[in-house]
Amino acid sequence: AGPAQSGILSDREVVNLFLHFTVNPKPKVDYIDRPRCCLRGKECSINRFQQVESRWGYSGTSDRIRFTVNRRISIVGFGLYGSIHGPTDYQVNIQV
C-alpha cells in the first residue's frame, strides 16, 4: 500500500530498491543512497517490558509508553507486536 504498489515506480525500480535493502553487495542505484542527515548525541532505547517470556496477555486497556524530554530528540522507529497465534486484525492509534 506504499510507493512500491502505487505505480509511481517502474517494476525495475521496485526490484532495485528491494535488492538494495536486502542483499550484499548492494547493486548500483539511480538515486542518492546516503542519509539526508545524521543523528548526533546519545541513542536511547525505550522498552515497554524489560523482559518478555513466552507471551504477554492483553487486558483490553490502553498500552502505552509516555515520556517527556527537555531538549530536541529524534524518534527513529518503533515496534508493534502482534499475536503469536496466527494472522489477526488490529485497530491501532499511534501518536508521536
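Attention here is on the structure that accompanies the text. Bear in mind that the values here come from a model prediction, so they are computed numbers and not experimental data. (Residues numbered from 1 in each chain as written. Predicted model: local features only at pLDDT ≥ 70, side-chain atom pairs only at ≥ 80, totals over all residues. Heavy atoms only, no water.)

1. Thoughts on the overall build of the protein
Here's step 1: Looking only at helices and strands, the protein has two helices and zero strands in total.
Here's step 2: Partitioning the intrachain contacts of the protein with sequence separation of at least 6 by distance along the chain shows that 13% fall at a separation of at least 24.
Here's step 3: Counting only carbon and sulfur atoms, one obtains 52% of the accessible surface of the protein, whose full area is about 10300 Å². (Helix = DSSP H or I, 4+ residues; strand = E, 2+ residues; numbered from the N terminus. Contact = heavy atoms within 4.5 Å. Areas by Shrake-Rupley, 256 points an atom, 1.4 Å probe, with all protein chains shown as cover.)

2. Considerations on the environment of Asp 30
Here's step 1: Assignment of secondary structure puts Asp 30 in the segment after α2 (11–22).
Here's step 2: For the pair Asp 30 and Glu 13, spaced 17 residues apart in sequence, the C-alpha to C-alpha distance is 8.8 Å.

3. Some thoughts on the side chain of His 20
Here's step 1: Mapped onto the fold, His 20 is located in helix α2.
Here's step 2: Beyond its immediate sequence surroundings of up to four residues, His 20 is in contact with Lys 26, Pro 27, Val 29, Tyr 31 and Asp 33.

4. Considerations on the environment of Gly 79
Here's step 1: Looking at the secondary structure, you find Gly 79 in the segment after α2.
Here's step 2: Note on Gly 79: relative accessible area 52%, which makes it exposed.
Here's step 3: The spatial distance from the C-alpha of Gly 79 to the C-alpha of Asn 47 is 9.5 Å, given a sequence separation of 32 residues. (Buried < 20%, exposed > 50% of the residue type's maximum accessible area, 1.4 Å probe, protein only.)

5. Some words on unusual backbone geometry
Here's step 1: In this structure, the amide linkage connecting Asn 24 to the following residue, Pro 25, adopts the cis form with an omega of 0°.
Here's step 2: Among the structural elements, Pro 25 can be located in the segment after α2.

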